[in-house]
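Read off the chains here:
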Amino acid sequence: MALINIAWIGRLTGPKGEIAWRIITEVAPHFPQLHFTIVGGPVTERFQQALGSNVTLTGFVDDVNKVFAENDLVIGAGRVPVEAMRFGLPVIAVGESCYIGPVDGSTIAVAKASNFGDCDQLQPWQSQQLKDDLSALVAGERILPTAEYGAYVDDYRIDNVYPKVMNVYRQAMIMSYLKRFKEIPILMYHRVLREKPERSKYNIYVTVAELEWQIENLKQRGFELITFKDIAAGVRAKKPVILSFDDGYEDNYQNLLPLLQKHQVKAVIYALGDRSIRNNYWDMGEGEAEASLMSDEQLLACHRSGLVEIGAHGLTHSRLSQLDAEELHREVKQSKIVLEELLEDEVVSFAYPYGDYGVRETEQVRQAGYLFGVATITGPVNLANDLMRVRRITMFPDTIPAAFKKKTSGWYLRYCKLRGKDF
Ligand SMILES: [Zn+2]
């Protein structure tokens, strides 16, 4: 498509007005074959007197879509490129801070990061850059991938933006609560068994009797057993503790849920999103006994008890750091979607399988819309420092009362750090 009608959209005051001024006085005269429409106001005499024959000033307009329909290319910054790209128009991004240029696969990332030129470090640009880019586009030497523009700006759709804005707000509320605590004990368990098993390579169990003693002990000491979901919902416990159980074992339904109901306390269970996985296949080859995972019905029963937060533990219990970007995205995002559909409720926390994560993984968890990324024995001692790297305290079988009290003392992590000990 021939490029003939070029629209610039913005205010005519301040730094934006200076961009318009340069287009009118330095760029437009160079392209007598093109027509430039300067959309925005207020229109002053200074601008009117500077107009060449191939420039029109419209003043403020109500119907920006009409501008898009009447033009072949749009120059602008901020919201303007996003809207024009959604319309499928070629875009050159230039804003108050910097010159991005024609938007394509090579510039879209920096364009988005700078709000299409409006907020970044101030970098002076030359009108010649715009002239060169415009010449290349007009001559057809450079073609912009307008068919892909819709996908480029998909994350600006209101149904995508709204949850992210809400999460920033919710995280701020959560932080302000968590900042009161130097250390919140967040305990990590796995299986809950009636009897001690004959063998357990990793000792990832507690017995019902042990766990019941621990729950009673916490209650006696004035702890409130809450969940991440409670914190997200605004519950402001004075002395919180969180009991979390990884992998979603069937024994959690059989043995943990009745305990929670008996004592009316809460816990978090991290389940896999791939609901076809029925056992701990990832540990079995390592010499651990086979253990069944909860069915959908059992998971739902836990959720509906009102005492269990179901969090996501990935789809397939994979080591996230070893996955490519697409697989990682699937593990993190899809496990949220599947569990939310099953539970008909929001899933707010994600536990990294094996506690294996890096910056790429924490960012993915945040992007997927989780409020908490839960690790194992890494992450800051103070929970409020990083909600995407929540540190937990590992619980083993046969924990003697003194050790349990120490682990839930509220100074255990700092004590370990001081002694250079593992948590
Ligand atoms: Zn696990």
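Residues numbered from 1 in each chain as written. Predicted model: local features only at pLDDT ≥ 70, side-chain atom pairs only at ≥ 80, totals over all residues.

When its secondary structure is counted, the protein chain shows 17 helices and 16 strands. Its C-alpha atoms give the protein chain a radius of gyration of 29 Å, clearly above 22 Å, the size a compact globule of 423 residues would have. Along the longest, intermediate and shortest principal axes, the C-alpha atoms of the protein chain span 90 × 40 × 40 Å. For the protein chain, long-range pairs separated by at least 24 residues make up 61% of all intrachain contacts whose partners lie at least 6 apart in sequence. (Helix = DSSP H or I, 4+ residues; strand = E, 2+ residues; numbered from the N terminus. Rg over C-alpha atoms; globule rule 2.2 N^0.38 Å. Contact = placed C-beta atoms within 7 Å.)

On to the pairing of strand β3 (residues 55–59). Side-chain direction in a regular strand flips from residue to residue, so the side chains alternate between the two faces of the sheet. Bridge count between strand β2 (residues 35–39) and β3: 4 bridges; the pairing is parallel. Residue pairing for β3: isoleucine 38 is matched across the bridge by leucine 57. In this fold, β2 hands off to helix α2 (residues 45–50), which returns the chain to β3; that crossover is right-handed. (Pairing = 2+ DSSP bridges. Right-handed = clockwise from strand over helix to strand, strands pointing away.)

Residue placement: methionine 388 occurs in the loop between β15 (372–374) and β16 (393–394). Methionine 388 gets classed as buried once you count the C-beta atoms within 10 Å, which come to 22. Placed 25 residues apart in sequence, methionine 388 and glutamate 363 show a C-alpha to C-alpha distance of 8.1 Å. In this structure, methionine 388 is in contact with Thr362, Val365, Arg366 and Gly373, ignoring residues within four places of it in sequence. (Buried ≥ 20, exposed ≤ 12 C-beta atoms within 10 Å, placed from the backbone.)

What follows deals with the domain arrangement of the protein chain. You'll often see interface size given as the accessible area lost when the parts meet. Segmentation of the protein chain into domains returns domain 1 (5–156) and domain 2 (160–419). Measuring from the centre of the C-alpha atoms in domain 1 to the corresponding centre in domain 2 gives 49 Å. (Domains from an automatic or database assignment.)

Another point: the packing of helix α14 (residues 325–343) against helix α15 (residues 359–367). Following both chains from N to C, one finds α14 and α15 inclined at 45°, their axes separated by 9 Å at the closest point. Considered as vectors, α14 and α15 are oriented oblique to each other. Judged by the sense of rotation from one axis to the other, the crossing of α14 with α15 is right-handed. Counted together, Leu328, His329 and Val332 of α14 and Glu361, Gln364 and Val365 of α15 form the full contact between these two elements. Partitioned by chemical class, the residues of the contact of α14 with α15 number 3 nonpolar, 2 polar and 1 charged. (Axes fitted to C-alpha atoms, helices over the stretch in contact; angles between N-to-C directions. Parallel < 35°, antiparallel > 145°, perpendicular 65-115°, else oblique. Left-handed = near helix turned anticlockwise from the far one by under 90°. Nonpolar A, V, L, I, M, F, W, Y, C, P; charged D, E, K, R; others polar.)

Moving on to the nonpolar core. Core analysis: the biggest nonpolar cluster contains 65 residues, and Ile242, Ala267, Ile269, Ala271, Ile310 and Phe372 have the highest contact counts within it. When residues of this core are assigned to their parent elements, the largest contribution, 5 residues, is made by strand β12 (residues 267–271). Residues within four places of alanine 271 in sequence aside, it is in contact with Gly248, Met294, Leu299, Ile310, His313 and Leu339. Core analysis: the second largest hydrophobic core is formed by 40 residues, Leu12, Ile24, Met85 and Ala111 among them. (Core = buried A, V, L, I, M, F, W, Y, C linked by C-beta atoms within 7 Å.)

Moving on: the sheet that holds strand β6 (residues 99–102). For sheets, the rule is that strands pair by backbone hydrogen bonds, running either parallel or antiparallel. One open sheet holds the 6 strands; their spatial order is β3-β2-β1-β4-β5-β6, and the pairing between them is mixed. Looking along the sheet, the strands with just one partner apiece sit at the ends: β3 and β6. Strand after strand, the sheet turns through a mean of 15° between neighbouring axes, direction not considered. The pairing of strand β5 (residues 91–94) with β6 spans 3 bridges and is antiparallel.

What follows covers helix α1 (residues 14–27). With 14 residues, α1 extends 19 Å from end C-alpha to end C-alpha; this agrees with the ideal 20 Å at 1.5 Å per step. Listed as buried for α1 are Lys16, Ile19, Ala20, Ile23, Ile24 and Val27. The buried side chains of α1 occupy one side of the element, clustering within an arc of 130° when seen end-on. Turned more than 90 degrees away from the buried face of α1, the exposed residues are Gly14 and Glu18. (Expected span 1.5 Å × (residues − 1). Arc of directions from axis to C-beta.)

On to unusual backbone geometry. Cis geometry marks the peptide bond from glycine 41 to proline 42; its omega dihedral reads -5°. In this structure, proline 42 sits in the loop between β2 and α2. Despite not being glycine, phenylalanine 116 has its phi angle at roughly 60°, a positive value. Looking at where phenylalanine 116 falls in the secondary structure, it is placed in the loop between α5 (108–113) and α6 (127–138).

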